[in-house]
Every structure is written in C-alpha cells, then in structure tokens.
Amino acid sequence: MNLSKIPWFLPTVLILVTAGWADDAVPSSTTPPKIVRRQIPEPPARLLHLIAQQQAQQSNVPAQDVPSDVLTWDADSKEQSVPGDTPEAHFTFTVTNISPHDVTIVSAIASCGCTVPKLPEDPKIIPGASARIEVTMNLKNKFSMVAKTVTISTDKGVKVLHVTVHLPPPTLREIRQQMTLTDRQVVFKGECARCHMEPARGKAGQELYASACGICHESPQRATMVPDLHALTHETNAEYWKNIITYGKPGTLMPAFAQSEGGFLTDGQIASLVEYLSTAIPSRAQTGMAK
C-alpha cells in the first residue's frame, strides 16, 4: 500500500468515529454508564435573534428587538434549582409599557414543546401598565441543567426570554432506566445481563419467573414504571402472558424475552412461564374483581 496516497485527514476521521462508538458503547464494570439521551444545547444568542425575527415576520409584526424605551422587563432570564422529583417549574416575567402608545403582545413561542408560555388575558398593554407572562417547563425525565427560551412577539418588535432549571445529576439507577427506555433490550447486554439474564439460564416455571421476572416485578425497590403483576386491573390470560413475554412492551422498560425478538428465552421456557403465571396470578376478571 502506498501510504503517501492516504488522505491526511483520514486518521483524524477514524479517531472521531471510534470515539463516537466508544461513547455509546455499553458501560463496563469499571466505567459508570453514560446517559444515552443527550440534551441538545440552546442555539447561540445570534441565532436566537434570527429565529425570533423569522417568527415575527410570520406573525406580521416588526422583525426587530423591542426598543428599550417601549417595554421594560423585570428580567431577561430566570433560573431555579429544584429537587429531582419536581414535576414542573414555573416562571413569571413582568413586562411594563413605558412608551406613550399601546403595545400588543401577539404571540409567545417556546424553543421546545416541554416549555409552555401563557400570555396575559388582555394582550394589549396601555402606557404605564404592566402584564405578566407565565412560563411552565415540564421536568419529566430531565436531569442536571435544562435551559429553554421563549420568544415574545409584539406589534413593536420581539423579545427573547431565557428560563433555566437546575436539577440534581441522575443516579446510576436513573441512568440505567434512561438507557432502557432508549433500548429496552439493554438489560440483556453487558453488565446488565449478569443480573437479568445469566441467573435465568436453564430454568423454567416458577424458578424462571423468580430469576427473570421477579427481579423487577417483585422487588421492594421496584421502579415506578414497573407494574405490580398482582395488582393489574385488566384481564389476563395465557395469550396475554405469552404476548407480553415474547414481544415486550415498546415505550416502557419491558423488553422482548423471546430469542426471535432479541431476548434469550426459548419457546419452551416462555411456555413454562405462561403456564406458571396463568395459575399464580389469575385474571381479575375471573375472580370477579374487574371494573
């Protein structure tokens, strides 16, 4: 091979690609797993202004910043620090019309669907009057710092407001749950397989349930999104148990256990689980408790 013909940038490309693979690799026993879902940072201020101007043009309002001698704000940005289990963060911005003319708020658009602005009931602000703009941010499945923007369009120009929430960093358990929501089959890979797959090999029936299912569904520290199988309110039967074991449930932590679906259970093991569950956890409809 003539090494002189290799492009000078190829080694750098290979290093970057390798680094990208390594970043998304399943964590080893010595390296804590990383969050697979990455938070997209907010665009720089210059880009925000361009976006705001485009939104203003679409709303038929002036595509420039609101002059400082027209509206004043109690703050351009606001921050909060909240506990990890906080469902929502609420912000209030106060704007005052210091001009001799009426100012009308036309729209408020957030940079993300998780953040919802609420305009005042009366969008017209008369000279000397003030108005409040409420902003609510949904914090479900969010960790560390979350920063969003809200673009306010008025008939005198636009204004970009910033809201930031600081949450605790995720625990190792939360990181693994996030990894599972991204790839529910991850419990059968890497370090996770040591607890979720290896103990179940060669087992059937009740023993298989205890090692493959009970580790999650019967645990006193069961995650909130993992159901208590003894408290299901819908009807269950052999077909239900077979389908949920074989194919899992997309969008949840429940993986597909069948070998044909990327799991590790044979058809015989699944049949033994179905037989055990149909007896050990009778359908609520059969016991007259269905609603």
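Model, not experiment: these values are computed from the prediction.

A. Structural view of the side chain of Asn97. Tracing the backbone shows Asn97 in strand S3 (residues 88-97). According to the relative accessible area criterion, Asn97 is buried, its value standing at 0%. Leaving out residues up to four positions away in the same chain, Asn97 has contacts with Val70, Leu71, Asp102, Val103, Ile125, Ile126, Pro127, Gly128 and Ala129.

B. Focus on the pattern of salt bridges. Taken as a whole, this structure holds five salt bridges when the rule is applied. With a closest N to O distance of 2.6 Å, Lys159 and Asp76 form a salt bridge. Pair noted here: Lys159 is in strand S9 (residues 157-166) and Asp76 is in the loop between strand S1 (71-73) and strand S2 (77-81), with a separation of 83 residues, a long-range link. Linking Lys156 and Asp155 is a salt bridge whose minimum nitrogen-to-oxygen distance equals 3.4 Å. You can call Asp155 partly exposed: its relative accessible area is 30%.

C. How the structure looks around helix H5 (residues 205-217). Relative to the 18 Å expected for 13 residues at 1.5 Å per residue, H5 spans just 16 Å between its end C-alpha atoms, considerably shorter than the ideal helical length. Of all the bends in H5, the greatest, near 40°, is centred on Ser211. Here the buried face of H5 lies against helix H4 (193-196) and helix H7 (267-280).

D. Spatial organisation of the packing of aromatic side chains. All chains considered together, the criterion is met by three aromatic pairs. Between the aromatic rings of Tyr240 and Trp241, the centroid separation amounts to 5.1 Å while the plane-to-plane angle is 70°, which identifies the pairing as edge-to-face. We classify Tyr240 as partly exposed; its relative accessible area is 27%. Between Lys78 and the ring centre of Phe93, over which it is positioned, the NZ or CZ distance is 5.1 Å.

Scoring rules and cut-offs
- Residues numbered from 1 in each chain as written.
- Predicted model: local features only at pLDDT ≥ 70, side-chain atom pairs only at ≥ 80, totals over all residues.
- Heavy atoms only, no water.
- Helix = DSSP H or I, 4+ residues; strand = E, 2+ residues; numbered from the N terminus.
- Buried < 20%, exposed > 50% of the residue type's maximum accessible area, 1.4 Å probe, protein only.
- Contact = heavy atoms within 4.5 Å.
- Salt bridge = Lys/Arg side-chain N within 4 Å of Asp/Glu carboxyl O.
- Expected span 1.5 Å × (residues − 1).
- Bend = angle between axes of the 7 residues up to and from the residue.
- Phe/Tyr/Trp six-rings, centres within 6.5 Å; stacked < 30°, edge-to-face > 60°.
- Lys NZ or Arg CZ within 6 Å of the ring centre and 35° of its normal.

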